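# Remarks on the overall topology
Given next are the chains, with one letter for each unit.
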Protein chains: 2
Amino acid sequence: MLSSRLNNLVPYVPGEQPQDKKYIKLNTNENPYPPSPLIDRFLKEISRDRLRLYPDPNFVSLREKIAERHGLDPSQIFVGNGSDEVLAFAFYAFFDTMNGPLLFPEFTYSFYPVYGDLFGIRYKKVPLTPDFNIDLSLMLQNGPSSGVIFPNPNAPTGILLSIEQIKGFLNGYRKDRVVVIDEAYIDFGGESAVSLIRDHENILIVRTLSKSLSLAGIRIGFAMGNETLIQGLFRVKDSFNSYPANTLSQEIAKIAVSDEPYFRQVVEKIILTRDRLSTELKQVGWEVLPSSANFVFTRKKGVHGKEIYLRLKERGILVRHFNIPGIDEFVRITVGTEEDTTTLLKEIDACF
Amino acid sequence: MLSSRLNNLVPYVPGEQPQDKKYIKLNTNENPYPPSPLIDRFLKEISRDRLRLYPDPNFVSLREKIAERHGLDPSQIFVGNGSDEVLAFAFYAFFDTMNGPLLFPEFTYSFYPVYGDLFGIRYKKVPLTPDFNIDLSLMLQNGPSSGVIFPNPNAPTGILLSIEQIKGFLNGYRKDRVVVIDEAYIDFGGESAVSLIRDHENILIVRTLSKSLSLAGIRIGFAMGNETLIQGLFRVKDSFNSYPANTLSQEIAKIAVSDEPYFRQVVEKIILTRDRLSTELKQVGWEVLPSSANFVFTRKKGVHGKEIYLRLKERGILVRHFNIPGIDEFVRITVGTEEDTTTLLKEIDACF
């Protein structure tokens, strides 16, 4: 009874979300600090009566707030049910197979090949450099392609591309193919490519409220780019779900996006803790890739990544292991609070 | 820069959702009564801290509540970001083109052809009977098909198929093709086909919390069917968005699904008002199709549906008009409160 489409579909597997047992949860890059305190007031005051009506299908007031924060026009903003939905729509809207494969880095967000398979889009994985950087020049040397997508900083490595590297790439790449830059982690130390939208009509920047804004639970992501691309995304959205972003999430997102001072505070704390975590891991002989994200990608000579994951889980700490040859020695550890980090380092000391 | 996929896509157009001016809003079948009062308590008590974590990707506790209410096992339940998302996933998961076209009624929920176009699924519209009923025997007489989908009661007509009619159809149709029954409006007077799941492995029942449970704003829909079908839906979901239902919506849905006494009260009021509205419209010479939904589909001899829509809008009442030959004389009017209905009837009296 199932469609033949399902035969080739290998679903994405997210990090564990244990619903019962308490772990120090450093496996899905959630923010260890709560979102803006203004959200509590909103939740106390809202009446259930608003929930009987459909949400705004065009996200007008949320797009205004996002546009304001990023110095853009609301017509340059699209909103979705988490950045995963925005990314899926982007695959559908921009990437054709007949123009050659879609390009993305060999080790990157593992949902990209899944979206490709979902919509029948051919793709090619472009190897990283030996030190795990995204190799943009190798992408340029590739034959004809139907577009490019990469995260910046990359996941799960955490390594950042500079804005100059991205500019160089955009200048060398075709202007009539879309380049999606997935900036899920950009707030933790990178420079956003949002300033390049004016001069590059073919770039789409995708963001999430799940990481730096501590709102993984509300499922809001957005995209920024020129109006033609945004209208393309709306076209797909309007053919899939008129109302993908619910009323409460739209309202909460507006509050979070507007509370810049609180956001700065949270991000600074995480950056400090990340740098401490990297330093102390290196002091006990672990290799840590240079991270500009809210996680570190790290390995310990002589211990397989799976073994690291298992030993830490036994001790009540969840980290993420990817069982993929080439990066399977590593684990990805989300930056928690200072206390989480102290516990983590103590346990690592005890069991490795 | 846009994919050729977009060329053939004609997006669904939902009813207006005015964000500013106040109307009596009878155009999108929202419930005029608020959802369960228990939701207010939940909103007052929940802390923003929960929102920093991802929601349960498998909707475990919500599926338990839904299963309990409908006498099923949680493995027979799927949850999505509104029933529109559930329907879209069902199209992708079950309907192949190579087996012949997908069948649905000629006049029905206008998102169906859009999903077909989105995923490249060929479909065939099966005419209604002269009195606007879904013609199940005509569907059986059709050649090979890849599946069937219809709402019960149908939209926008509001006309119900009896459980016997559906049984008869299922007995005559192939067992290896999926039949999706979209029960968005079943609570307003129809008998659900949920009891047929045990004997019919090929039926999927789709429901929404947007209508009878007054929760259009939270975007939760669900599907009920045998485990193979449910697993197929999860496979598509996991290839599209790990977390389509946010934390607040899952929690609110659990409350609403469990508050049966409040639900009964609301539905009974709406049924009474619907019957009054139908009766009084007929008394002033309007034709009203027999409705088992929370709306009526009605026309007035000598006045085009568009004209009815425009005159009522001018008087502050929004109803829905479909500019589709064959049903364009009609308007669809959502059943509001008793007061809304009194005002509506007064305005109709004044301007027709």
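Rules used in this analysis
Residues numbered from 1 in each chain as written. Chains lettered and ligands numbered in written order. Predicted model: local features only at pLDDT ≥ 70, side-chain atom pairs only at ≥ 80, totals over all residues. Heavy atoms only, no water. Contact = heavy atoms within 4.5 Å. Buried area = accessible area lost by both parts, 1.4 Å probe. Salt bridge = Lys/Arg side-chain N within 4 Å of Asp/Glu carboxyl O. Helix = DSSP H or I, 4+ residues; strand = E, 2+ residues; numbered from the N terminus. Nonpolar A, V, L, I, M, F, W, Y, C, P; charged D, E, K, R; others polar. Pairing = 2+ DSSP bridges. Axes fitted to C-alpha atoms, helices over the stretch in contact; angles between N-to-C directions. Parallel < 35°, antiparallel > 145°, perpendicular 65-115°, else oblique. Left-handed = near helix turned anticlockwise from the far one by under 90°.

### Considerations on the interface of chain B and chain A
At the junction of the two partners, chain B supplies 89 residues and chain A supplies 89 residues. A combined buried area of about 7,500 Å² lies between chain B and chain A, and 56% of that area is made up of carbon and sulfur atoms. When the area that chain B buries against chain A is broken down by residue, the three leading residues are Met1, Arg48 and Tyr54 of chain B, summing to 12%. On the surface where chain B and chain A come into contact, there are two salt bridges. The closest approach of N and O atoms between arginine 48 of chain A and aspartate 40 of chain B, which form a salt bridge, is 2.9 Å. For the side of chain B that touches chain A, the elements supplying multiple residues, two or more each, are helix H1 (38–45), helix H3 (83–94), helix H4 (112–119), helix H7 (227–237) and helix H8 (247–258) of chain B. Of the residues contributing to the side of chain B that touches chain A, the split by class is 46 nonpolar, 24 polar and 19 charged.

### Things to note about the sheet that holds strand S7 (residues 203–208) of chain B
All names here are of chain B. Pairing is mixed in the open sheet, where seven strands are placed in the order S2-S8-S7-S6-S5-S3-S4. Of all the strands in the sheet, just strand S2 (77–80) and strand S4 (123–126) have a single pairing partner and so form its edges. Between one strand axis and the next, the sheet turns through 20° on average, direction left out of account. Inspection of the sheet shows strand S6 (residues 179–182) paired to S7 by four bridges, in the parallel sense. Looking at the pairing, valine 179 lines up with isoleucine 203 of S7. Contacts from helix H2 (residues 60–70) reach S2, S7 and strand S8 (221–225), with the element oriented near 125° to S2. The strands touched by H3 are S2, strand S3 (102–105), strand S5 (147–151), S6, S7 and S8; relative to S7, the strand with the most contacts, the crossing angle is about 160°.

### With respect to the packing of H2 of chain B against H8 of chain B
Residue and element names in this part refer to chain B. Where H2 contacts H8, the two axes come as close as 9 Å, and the packing angle between them is 15°. Taken together, the axes of H2 and H8 are roughly parallel relative to one another. For the pair H2 and H8, the sense of crossing is left-handed. On the side of H2, the interface is formed by Ser61, Leu62, Lys65, Ile66 and Arg69, while H8 contributes Gln250, Ala253, Lys254, Ala256, Val257 and Ser258.

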